[in-house]
Amino acid sequence: MKAAVKALLSNVWSRAKSPFHTDFSYESDDCDERTLLYRHRKQRGVNIGSWFVLERWVTEQPFRYAAAPCQSDLDVAKGAHAKEIFENHWDSWISANDFEWLSATGINTVRLPIGYYHLCGVDPSVLRGTDFDGFEHIFGGAWSRIVRAIETADRYHIGVLFDLHTSPGKQNQDSHSGTSSPVISFFQTQSNLQLMIRILRVLVSSLRSLRFDHRPALSNVVGVELLNEPKPPYPAALQAWYKNAITEIRCLDPSLPLFISDCWMPDTYADFVKSLPPSAAPICLDHHLYRCFTTEDISTAAAQHTASLSNPNAPTPQTFARVSGILEDAGGNLIVGEWSGALNPSSLLGVVDERRERIQFIQAQLDLFERYCSGWFFWTYKKQYPGDSGWSFRDAVDTGIFPCRVGLFPVKPIPHDHTEWAGRKAVARGRAAARHASYWTRYPAHYEHWRFENGYDQGWEDAYYFLTSGVFEHGSVSELGLRGIWRKKRVCEHVLREGRSDNLWEYGHGYQQGVEEAAVDFQRAYC
């Protein structure tokens, strides 16, 4: 199996050597095994909120000398002692101990919100003409701390998803977009749109340099989210910018997964991803799910919130099923980039066992995300003042509201010879193929069930490659997460070997079931 995946690494990801050049229009650089595992495994993560982009409700201390209204990074920058305050906070808010604890909990990725102004240490011109023009002396030291964060995360085999939380002119009215102004002007001026693409180019080029030129080489950047929670005047305005940004970034790093916000319109943006030209790396759609803000949220009981997430026929699970299917067929995936255990106090009125309700609410979300998403990220890792188990992951775990570990932790030695599980695979494949054939006898037509079996075999082997990779010594084992791009490329390989057919969907169905059942087999055998 190792040899097969090495062939995938050397052939599939390079257009020059790959059979996929007819299906994927962007050339990909060679993606080494460690990088591929980091980027394509299932991501179970937390947001490290208020480390670089400050939010006062998360951490109060950096705002003590901020200029009015004392809510944003710009307010702190305009206040007294700004450089000292920022740098002390960057150096103390998160330490190696935090990454070590996260790894032991099964967290394998962090989503790191940053502002465009944090890149001025790489290129000072990114500030020119923006609200942060003239503050290079304050933010110039941020990039070296960001690099240190990537290094520390890599030491504990934790990936980093970069999230551009701010933009020139602001993409939403919130203070976590860099300034306290409620005015959204990002979409109104072409100069802002173009500058943001240049900022992304600066970031991606710098991250690529860390992978190839830094010592030690850093392979743990799993992707870049182009813009957090944008609120465009209409979808086409954002989608046009997305297309331009994606094209520019693909020229710099064709293999880098890119993440885009769905603006709480998952169907609309899933169709947008489907409309994009095929590429060698996935576009992941980021959905944010909270159940504590709207009037409807406040008037809904905790048990009803839980039921609306766990009932497969309820609107939210139906949306997740539909959207994830569209995305995976397009070679993309769905993630939940922000969610929490927070409930409005009104949702807990009259509740006899509040702890039980909170546990069930969190578990319902986890079950939903594990079924349909390639990753999820709790907001947020911690708050300055402890005790908020709805918003602080650290407190949620410590109080038992959140499971003490996520992911798969083997308790038996993991074999690295595929013959160890070959017999179990044959039995599982036989059962799955029989179920598949039996189901489709209800709909008489021409089928090629052997394609289902071939897909099942390949899906099982790809899943076991991740599960038994042994590349990372710390934390949970890796699981295949970005299934959409893997399935799409495996189908292309299958076409080249076996020819085109109206029954290629059978190979895809088999592949999906093979991946899923291999994970179940691994858990039963070794965990």
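Residues numbered from 1 in each chain as written. Predicted model: local features only at pLDDT ≥ 70, side-chain atom pairs only at ≥ 80, totals over all residues. Heavy atoms only, no water.

## Some details on the sheet that holds strand E5 (residues 258-261)
So, step 1. If you trace the eight strands once around the closed barrel, you get E1-E2-E3-E4-E5-E6-E7-E8, paired in parallel fashion. Going from strand to strand, the sheet's axes swing by 25° on average, the running direction of each strand aside.
So, step 2. Here strand E1 (residues 43-47) runs beside strand E8 (residues 375-378); their pairing, made up of four bridges, is parallel. Directly across from Val46, in E8, lies its bridge partner Phe378. (Pairing = 2+ DSSP bridges. Helix = DSSP H or I, 4+ residues; strand = E, 2+ residues; numbered from the N terminus. Axes fitted to C-alpha atoms, helices over the stretch in contact; angles between N-to-C directions.)

## As for the environment of Leu408
So, step 1. Locating Leu408 in the fold gives a position in the loop between helix H15 (393-398) and helix H16 (419-440).
So, step 2. Each C-alpha atom of the pair Leu408 and Gly475 lies 8.9 Å from the other, and the pair is 67 residues apart in sequence.
So, step 3. In contact with Leu408, other than residues within four places in its own chain, are Leu467, Ser476, Val477, Glu479, Phe522, Gln523 and Cys527. (Contact = heavy atoms within 4.5 Å.)

## Some thoughts on the pattern of salt bridges
So, step 1. As enumerated under the stated definition, the model contains 32 salt bridges in all.
So, step 2. For Asp123, the salt bridge is made with Arg198, and the minimal N-O distance between the two is 3.3 Å. Of the two residues, Asp123 is situated in the loop between strand E2 (109-114) and helix H6 (136-139) and Arg198 in helix H8 (residues 190-212); the sequence distance between them amounts to 75 residues.
So, step 3. The salt bridge partner of Arg490 is Glu493, with a shortest N-O separation of 2.7 Å. Here Glu493 and Arg490 lie together in helix H18 (residues 483-498), a separation of three residues that amounts to about one turn. (Salt bridge = Lys/Arg side-chain N within 4 Å of Asp/Glu carboxyl O.)

## A look at the packing of helix H12 (residues 302-310) against helix H14 (residues 354-372)
So, step 1. Contact geometry of H12 with H14 gives a least axis separation of 9 Å together with a crossing angle of 15°. As summarised for this structure, H12 and H14 are arranged roughly parallel, according to the angle between their axes. Every pair of crossing elements has a handedness; the one defined by H12 and H14 is left-handed. Counting all contacts with H12, which are made through Ala302, Ala303, His305, Thr306, Leu309 and Ser310, the residues of H14 involved are Glu357, Gln360, Phe361, Ala364, Gln365 and Leu368.
So, step 2. For the contact of H12 with H14, the per-class residue count stands at six nonpolar, five polar and one charged. (Parallel < 35°, antiparallel > 145°, perpendicular 65-115°, else oblique. Left-handed = near helix turned anticlockwise from the far one by under 90°. Nonpolar A, V, L, I, M, F, W, Y, C, P; charged D, E, K, R; others polar.)

## Some remarks on the nonpolar core
Considering soluble globular proteins, one finds that nonpolar side chains tend to be buried as a cluster.
So, step 1. The biggest cluster of nonpolar side chains holds 113 residues, and the ones touching the most others in it are Phe162, Val224, Leu226, Trp241 and Phe402.
So, step 2. Among the elements that take part in this core, H8 stands out by supplying 11 residues, more than any other.
So, step 3. Ignoring anything within four residues of it in the chain, the contact list for Phe402 reads Trp339, Ile362, Leu366, Trp376, Phe378, Phe393, Ala396 and Val397.
So, step 4. Counting residues in each nonpolar core, the second largest holds 36 residues, with Tyr38, Leu161, Tyr456 and Ala463 among its members. (Core = buried A, V, L, I, M, F, W, Y, C linked by side-chain atoms within 4.5 Å. Buried < 20%, exposed > 50% of the residue type's maximum accessible area, 1.4 Å probe, protein only.)

## Here's the deal with the side chain of Lys382
So, step 1. By secondary structure assignment, the location of Lys382 is in the loop between E8 and H15.
So, step 2. An unpaired buried charge is present at Lys382: no salt bridge exists, and Asp98, the closest side chain of opposite charge, is 4.4 Å distant.
So, step 3. Within polar-contact distance, the side chain of Lys382 engages the backbone oxygen of Trp93 at 2.7 Å.
So, step 4. Among residues more than four places away in sequence, those in contact with Lys382 are Val58, Trp93, Ile94, Asp98, Ser392 and Arg394. (Lys, Arg positive; Asp, Glu negative; His and termini not counted. Polar contact = N/O pair within 3.5 Å; in protein donor to acceptor, adjacent residues only side chain to side chain.)

## Concerning the state of the cysteines
By definition, a disulfide is the covalent link that joins the sulfur atoms of two cysteine residues.
So, step 1. Inspection of every chain in the model, using the stated rule, returns zero disulfides.
So, step 2. With no disulfide partner, Cys292 has as its closest neighbouring cysteine sulfur the one in Cys373, 18 Å distant.
So, step 3. Using a relative accessible area of 9% as the deciding quantity, one classes Cys292 as buried. (Disulfide = S-S within 2.5 Å.)

## Observations regarding the pairing of E1
So, step 1. Among the five residues in E1, five count as buried, and that is most of the element.
So, step 2. Every second residue of E1 is oriented toward a common face, with Gln43, Gly45 and Asn47 on one face and Arg44 and Val46 on the other, all of them buried.
So, step 3. Strand direction decides the pairing type here: E1 and E2, joined by three bridges, are parallel. Considered in E2, the bridge of Asn47 is made with Arg111.

## Focus: helix H4 (residues 82-92)
So, step 1. Along H4, the residues classified as buried are Ala82, Ile85, Phe86, Glu87, His89 and Trp90.
So, step 2. Here the buried face of H4 lies against helix H3 (73-78), H6 and helix H7 (142-155).

## A few points about the confidence of the model for the protein
So, step 1. When the pLDDT values of the protein are averaged, the result is 93; 94% of them are 70 or greater.
So, step 2. Across residues 1-28 the pLDDT falls below 50, and counting only partners more than four positions away or on other chains, this stretch makes 64 contacts in the model. (pLDDT = per-residue confidence, 0-100.)

## Examining helix H17 (residues 449-467)
Residues spaced three or four apart along an α-helix face the same direction, because each turn holds 3.6 residues.
So, step 1. The end-to-end C-alpha distance of H17, which contains 19 residues, comes to 27 Å, matching closely the 27 Å that a straight helix rising 1.5 Å per residue would cover.
So, step 2. A large share of H17 lies buried, amounting to 14 of its 19 residues. (Expected span 1.5 Å × (residues − 1).)

## Some points on the packing of aromatic side chains
So, step 1. Per the counting criterion, the structure on display carries 44 aromatic pairs.
So, step 2. A centroid spacing of 6.0 Å and a plane angle of 45° characterise the contact between Trp241 and Tyr242, whose relative ring orientation is tilted.
So, step 3. The exposure class of Tyr242 is buried, given its relative accessible area of 0%.
So, step 4. In textbook terms, an aromatic cluster arises when at least three aromatic residues are bridged by ring pairs, as seen for Trp101, Phe320, Trp339, Phe369, Trp376, Phe378, Tyr381, Phe393 and Phe402.
So, step 5. Directly above the ring of Trp93 sits Lys382, whose terminal nitrogen or CZ lies 4.5 Å from the centroid. (Phe/Tyr/Trp six-rings, centres within 6.5 Å; stacked < 30°, edge-to-face > 60°. Lys NZ or Arg CZ within 6 Å of the ring centre and 35° of its normal.)

## A short note on unusual backbone geometry
So, step 1. Between Ala68 and the following residue, Pro69, the backbone shows a cis peptide bond with an omega angle of 5°.
So, step 2. Secondary-structure assignment places Pro69 in the loop between E1 and H3.
So, step 3. Cis geometry is found at the peptide bond from Arg215 to Pro216, where omega equals 0°.
So, step 4. Notably, His157 is not glycine yet its phi reads approximately 60°, a positive angle.
So, step 5. Mapped onto the elements of the fold, His157 is located in the loop between H7 and strand E3 (159-164).

## With respect to the side chain of Asp73
So, step 1. Topologically, Asp73 is positioned in helix H3.
So, step 2. In this structure, Asp73 is buried with no salt-bridge partner, the nearest side chain bearing the opposite charge being Lys170 at 11 Å.
So, step 3. Side-chain polar atoms of Asp73 contact the backbone nitrogen of Leu54, separated by 3.0 Å.

## A word on the environment of Ser261
So, step 1. Structurally, Ser261 is set in strand E5.
So, step 2. We classify Ser261 as buried; its relative accessible area is 4%.
So, step 3. Sequence separation between Ser261 and Tyr456 is 195 residues, and the spatial gap between their C-alpha atoms is 32 Å.
So, step 4. The residues touching Ser261, leaving out its near neighbours within four places in the chain, are Glu225, Leu227, Glu229, Pro230, Tyr242, Tyr269, Leu285 and Asp286.
So, step 5. A distance of 3.1 Å separates a polar atom in the side chain of Ser261 from the backbone nitrogen of Cys263.

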